[in-house]
Structures are given as C-alpha cells and as structure tokens.
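# Coordinates in review
Next come the chains, spelled out residue by residue.
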Amino acid sequence: MATHVRAEAPPARPSWRSRLYRFDLKASPYAFIAPFFLCFAAFGLFPLIWTGWLSLHYVDLLTPDVMEWKGFGNYTRLWSNDQFWTALRNTFTIGVISTVPQLLMALGLAHLLNYRMRGRGFFRVAILAPYATSIAAATLVFVQLFNPDYGFINWALGAIGIDHTQWYADTWPSQIAISTIVTWRWTGYNALIYLAAMQAVPKDLYEAASLDGANRWQQFTRITIPSIRPTIMFTIIVSTIGATQLFGEPMLFGGGVGVSGGSAHQFQTLSLYMYELGWPSRQLGRASAVAWTMLLILLLIGLVQFLITRYRKRHELGG
Amino acid sequence: MAATLSTPTSSREAGKKAHAAPSRLFRRGAGDHDKAGPVAYVLLSVAALVSLFPLYWTFVAASNTGERVAQSPPPMFPSGELWTNISTAWDQADMGTALLNSTVVAGCVSLSTVLFSTLAGFAFAKLRFRGRNALLTLVVATMTIPPQLSVIPLYRIITKLDWGNHLQAVILPSLVAAFGVFFMRQFLSEALPFELIEAARVDGANSLRIIWHVVFPIARPAMAVLGMLVFVQSWNDFFWPFVVLTQQNPTVQVALSAIGGGSGHDINQAVIMTGALVGTLPLLLIFAVLGKHIVGGITSGAVKS
C-alpha cells in the first residue's frame, strides 16, 4: 500500500502539499496511539514503579512524605506473617472454586446457546443480565440470600433436608458463598464470549462430523473445544487476573468497612489484606509490598501458562 | 451472521433457509445437527432462572417491610412498601447525588475510552509505523497489571492535587483501557478494508478526514458495544471510587457500601435491598431495551481473540 502511494508523489522538489502529506502519514499513527500511552504512563506505569519504591520503605498514610528506608524488610515481614499466607491461600481457593465452575458452565451454556431454538434472544439476554449488576448490589443480595437465620438458601436447603449452614462464619461455606457471587455475575458474560468464538467455527466441520456418525458430545469435544482454544486461553487469563484482584465481594460480604474478610480472616483475600494494611492500619509501605507480591504472583502464573502452552504445542506437533 | 442475530426469534426458519442452500445432505437428516433438543431447553431455562432469580428477589425484598424480609421462610412475592423503602434509602445515603455522579463518571469514561480506543485500534489495525508490534504487545501486557498496584501512588497524586472527593479523581485514571484498544483493533482488522483507506488517500483526504468519514462509520457497531461494556464496568466500579470518594459525594456503589451491612440484626434489610435495586435498575433498563443489540454486538465477533 505504501509503495503504491509513494509512486504517485513526485520524487523531485517536494511541494509543500506533499511534505504535509508525508508528515501526516508518518506522524498520525503515533498521534492516534498517544492518548493511550500517555494516560497509561501517567496513571499506570508511573504509579506502578512508585509502588515498588514505597514497598522498600516504612510510610504512614497520614505522613506520606516521611519515608524510612527498610530495604526488603516489608517483604520478609510479610512472608513471615500468618495472615498473609491465609490471605494468599484464600485468594487461591476462592479463585479456583469460582473460576473453574464458572468457565466450565460458560462453555456448556455457550454450546446450548449455539443451537437453533425458539426464544434464543431471550435466553441470551437473561444469561447476560447478572453482568449488569454491580459487585455491591449483587453482594448485598447474596448476603441476604445466604443469611444463616432467615436467608432463602438455608430455607431451601432445609426443605430438602440439608442442615443449617453457617455461610458467614465457617471457612468453606463463606468461601463457597463468595465464589457463588463471582460465578453468578460472570458466567453469562464468558458464555457470550465463547458463543462469539463458536459462531466462527465453520459449519461444514459439524456437518462432516455428523455424517461420519459423531454424536453431539463428540462434536463438542473434538471440534468445538479445539477450535476455540485461543478464546478459552484468553478467558482463563482474564479470570485469573480477576480472581487475583478479588476485593469487593469479600469486603462487602464481611459487612462493611470495619470487619475485613471475616472474624477470623476466613475469607480475606490479598486485595483486602492490602487495603487493611494501607488504610485502616495506615502502613503504606507494607501495603505496597503486598501489591508487588501480587504482581510477582501474576507474572509467575503468566509464565507457567506460557510454558504449558508452549509445551503442549510442541508435544502436539511432535506426536 | 449479523442478519440472523438481529432476528433471533425467527432464527429457526432463517437457519433452515441458510443451511438448505449449500447442499442437499440435510434431507437425509444431517441438518438437525444444530437444532436444540428438550434437554437444551430445560438446561437453558434453569440457567435463565438462576440468572434472573436474585434480580427478582431484590425487587421482592425492596417492596416488603424489613421485618417481613427477616422472617423464615423469606417472602417470595412483591408487596406495597417500595416507596417507603425508597424514601428511607434516600435519607440514609444521598442516592440522588450518587445516581447523577455515576451517570457523569460512566458517561465521560465510556466516551473517552471509545474515542481513544478507536483511534489507537485503527492505528494498530491498519497503519504502518515503526515499533507497531512491540507497542501492541505492550498494550496487551498492561491488561495483566492489577489496578490495586497503582492505588497507593494514585491516591497520593490525587490528594496532592487536592482532588479527593471530586469526580475527576475517578474519571481521569480511567480515560483509556487496554481492553478497548485490543477490542477495536480486532474489529477493525476484519471490518475495514485497506482499499477504502487507499481510495480516500488518493482522493486527497488526510488522516483526520479518514478517521471521520471512513473509520467512525464502519466502527460504529463495535463502538456501541464497547461503549456499553465500558459504561457497565465504570458504573459498577467499586475499589477506586471507594478509596477516593466519601459519602458526601459518592457514586452509586460507594453510596451502597454505606447503606449496606452484613449480618447485623438492627439494620433494615429491605432498605438495603432497595438501595441495591436503585443502583442496578438503570443498567437493567438499558439491558432490557438494548439487550438484543448488545448481545448481537458481542456475538457478532467484536471480541474474538
């Protein structure tokens, strides 16, 4: 394209007009991407580095200009603290029990939504509706539904003979309750993303497979899943990032600002721990150390995912 | 594909016609490979019920008294207390200011994100420049950085500028989104032919004219979907507004966190549910009206990765 355009411009004695034209061609791409990178530099990169610098100091929230050098003291203190490990374990367990069922159900729903059927538009909109609900509103509703004394869920479970469950106080029930909120909000959204990918799979693949006698389950596992694997990877990465950053649900599930992640921190996540250190406890340096630890964990997960993908690719190509 | 999506109710017939054309193999029964059976209807109905029930129950709780909501079994049907609860919720938190603030914030954030994402997405999809691939990789990489990482210094910047409790403190850090750039690039890579840009250049149009007369009209459906997604996300954003705003000038989510409470028995649960309803209703109304277009926009391939 570029050569074609250049051939039309006169090579000798460039006029003012053609100089302007060339400048436009060269500069405008940078002008178009500049807003993103300027904003990212100002509100993303710069604070990120600053957080790293803060994490090496003792800093009080009320006197943030007074910084006392600590080296890696904040990190070693963090890693010898039980509450940090509890928060890390909670982030992991809540992440797994929300992300795995969520993505599996989204895959199944997308597959169903891809069928020709009556009321398809209604089903698609209904399943996306929770996405429009905010974390705050959804959590407040589920706090009510999970109320051990008068909540709908214990009442319904009681009707089928399951014992009274302490959804706030016990570790696993509270983590399951929080994961339920996350799963409820995001399953439909992921299902639509999968559906978009599934609609791009050529129909003749399915026709050929059904002529060869493949049943629907075989078509799903042998054609659909391999065809949309990049999209599945994309949602796994996005959900992992989301799970690592989980904050609003456990915060509001604990009942407001004072209680942070349950009476025994049974559902305190890393984000919540960071907030507790930085704001109620006023220790910005230690909170920054938590933030950078989160980044390191994400980089580690990203590296593992990258290595798995590469290994699988080689393995499949080789065998 | 877009045509079948815009008329999903008649998709059965449309689908049959579309499929009948390429081959006669369907006559032998192979054409039913993508028709839903009863199991699919049952499973999807259960999913729709689970999706919608908490929303329905929010309305039920918001229209009952606090005592009734705190009884077992919980109420299953709406009652007549909605207006009383709404006025109580209005007294406990400034829901009027909150709704207005959220509209302003989400409106500004989605407008600027859509505009900047379209510009950057166009550059990455269709223009050639040095460092393009490296810069695009950088854009995608920024998606993995948790926003919490920037919160503490951002908080310092905001307090230094004396912007605490002002809406610009919420708007400015969200003016762009890597997701949006990626989203528009994917869309424009496929939807915008190189020939159109070349033709405009031959006609003497400069880049700004090309943006206005070629890119924007073609990108409009994707811009609408992105605008919706960003609006919803911004409306529902909790962490950062919670850190920089107070109850004197809250967004809806910040106001909700004030009426919200967990297991306390002295709190009027019906009023809390009313707050949740008021905060969610505007978005649900938008979804009810535009739902098909939003879903159609998402599934027509704008977010394929």
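Definitions and limits used
- The residue count restarts for each chain, going from 1 along the sequence in the order it is written.
- As a convention, the first chain written is A and the first ligand written is 1, with the rest following in written order.
- The predicted nature of this model means local features are confined to residues of pLDDT at least 70 and side-chain atom pairs, given and counted, to a pLDDT of 80 or more, with totals for whole chains, interfaces and linings taken over all residues.
- As a convention, hydrogens and water are excluded, and side-chain values are obtained from all of the structure's heavy atoms.
- A run of H or I in DSSP counts as a helix once it spans at least four residues, and a run of E counts as a strand once it spans at least two, with each numbered from the N terminus.
- Per-residue accessibility, obtained with a 1.4 Å probe over protein chains only, is compared with the maximum for each type, and a residue is labelled buried under 20%, exposed over 50%, and partly exposed between these values.
- Throughout, a residue-residue contact means that at least one pair of heavy atoms, one from each residue, lies within 4.5 Å.
- Here, the term nonpolar core denotes a set of buried Ala, Val, Leu, Ile, Met, Phe, Trp, Tyr and Cys residues that are joined through side-chain atoms within 4.5 Å.
- One confidence number per residue, pLDDT, is output by the predictor and ranges from 0 to 100.
- The rule is short: rings of Phe, Tyr and Trp, with Trp giving its six-membered ring, pair when the centres are within 6.5 Å, and they are stacked under 30 degrees, edge-to-face over 60, tilted in between.
- Should the NZ of a Lys or the CZ of an Arg lie within 6 Å of a ring centre and within 35 degrees of the ring normal, that charge is described as sitting over the ring.
- In this description, a disulfide is simply a cysteine sulfur pair whose atoms lie within 2.5 Å.
- The term buried area means the drop in 1.4 Å probe accessible area that two parts suffer when joined, counted for both and summed.
- Each salt bridge in this description consists of a side-chain nitrogen of Lys or Arg and a carboxyl oxygen of Asp or Glu lying within 4 Å of one another.
- Any pair of N or O atoms that falls within 3.5 Å is considered a polar contact. Within protein, one atom must be able to donate a hydrogen and the other to accept it, and sequence-neighbouring residues count only if both atoms are side-chain atoms.
- Residues are grouped as follows: Ala, Val, Leu, Ile, Met, Phe, Trp, Tyr, Cys and Pro are nonpolar; Asp, Glu, Lys and Arg are charged; every other residue, Gly included, is polar.

Let's shift gears to the environment of Phe59(B). Residues and elements named next belong to chain B. With respect to the helices and strands, the residue phenylalanine 59 is situated in helix H3 (residues 38–62). Relative accessible area serves as the criterion here: at 33%, phenylalanine 59 is assigned to the partly exposed category. Phenylalanine 59 sits 82 residues away from alanine 141 along the chain, and the two C-alpha atoms are 41 Å apart. Those residues in contact with phenylalanine 59, other than ones at most four positions away along the chain, are Pro78, Leu82 and Leu277.

On to the nonpolar core, then. Counting residues in each nonpolar core, the largest one holds 177 residues, and the members touching the most others are Leu128(A), Tyr194(A) and Phe122(B). When residues of this core are assigned to their parent elements, the largest contribution, 16 residues, is made by helix H12 (residues 207–236) of chain B. In this structure Tyr194(A) touches Leu103(A), Ala106(A), Leu107(A), Ala110(A), Ile228(A), Thr231(A), Ile232(A) and Thr235(A), once residues within four positions along its chain are discounted.

So, about the confidence of the model for chain B. All names here are of chain B. With 85% of its residues at a pLDDT of at least 70, chain B reaches an overall mean of 81. Per-element confidence in chain B ranges from a low mean pLDDT of 35 for helix H1 (residues 2–6) to a high of 94 for helix H6 (residues 95–126). Note on residues 1–30: pLDDT under 50 across the span, and 33 contacts to partners over four residues away in sequence or across chains. Note on residues 261–265: pLDDT is under 50 here. Beyond four places in sequence and across chains, it has 11 contacts. Here the prediction assigns the complex a pTM of 0.82, and the interface score ipTM is 0.82.

Scanning all chains against the criterion turns up 33 aromatic pairs over all chains. Centroid distance Tyr75(A) to Trp79(A): 5.8 Å. Interplanar angle 55 degrees. Geometry classified as tilted. Here Trp79(A) and Tyr75(A) lie together in helix H3 (residues 73–79), a separation of 4 residues that amounts to about one turn. Residue classification places Trp79(A) among the partly exposed positions, given a relative accessible area of 41%. Counting every residue linked through ring pairs, the aromatic cluster contains Phe247(A), Tyr275(A), Trp279(A), Tyr155(B), Phe238(B), Phe239(B) and Phe242(B). Between the NZ or CZ atom of Lys126(B) and the centre of the ring of Phe194(B), over which it lies, the distance is 4.2 Å.

Attention now goes to the state of the cysteines. Counted according to the given criterion, the structure contains 0 disulfides over all chains. Cys108(B) supplies the cysteine sulfur nearest to Cys39(A), a cysteine that is in no disulfide, at a spacing of 13 Å. Take Cys108(B): its relative accessible area is 36%, and that puts it in the partly exposed class.

A common way to express how large an interface is: the accessible area buried when the components associate. If you look at the interface, chain A gives 100 residues, while chain B gives 117 residues. Summed over both partners, the interface of chain A with chain B comes to about 10300 Å²; 74% of that surface belongs to carbon and sulfur atoms. Of all residues in chain A, Phe32(A), Arg116(A) and Tyr150(A) bury the most surface against chain B, accounting for 9% of the area lost on that side. Taken together, the links from chain A to chain B amount to 2 salt bridges. Among the salt bridges present, the one from Asp65(A) reaches Arg156(B), with a minimum N-O distance of 2.8 Å. Viewed at the interface, chain B and chain A are joined by 11 residue pairs in polar contact (both at pLDDT 80 or more). Per-element tally for the side of chain A that touches chain B: the top contributor is helix H2 (residues 16–54) of chain A, with 21 residues. Here the side of chain A that touches chain B is built from residues that sort into 72 nonpolar, 17 polar and 11 charged.

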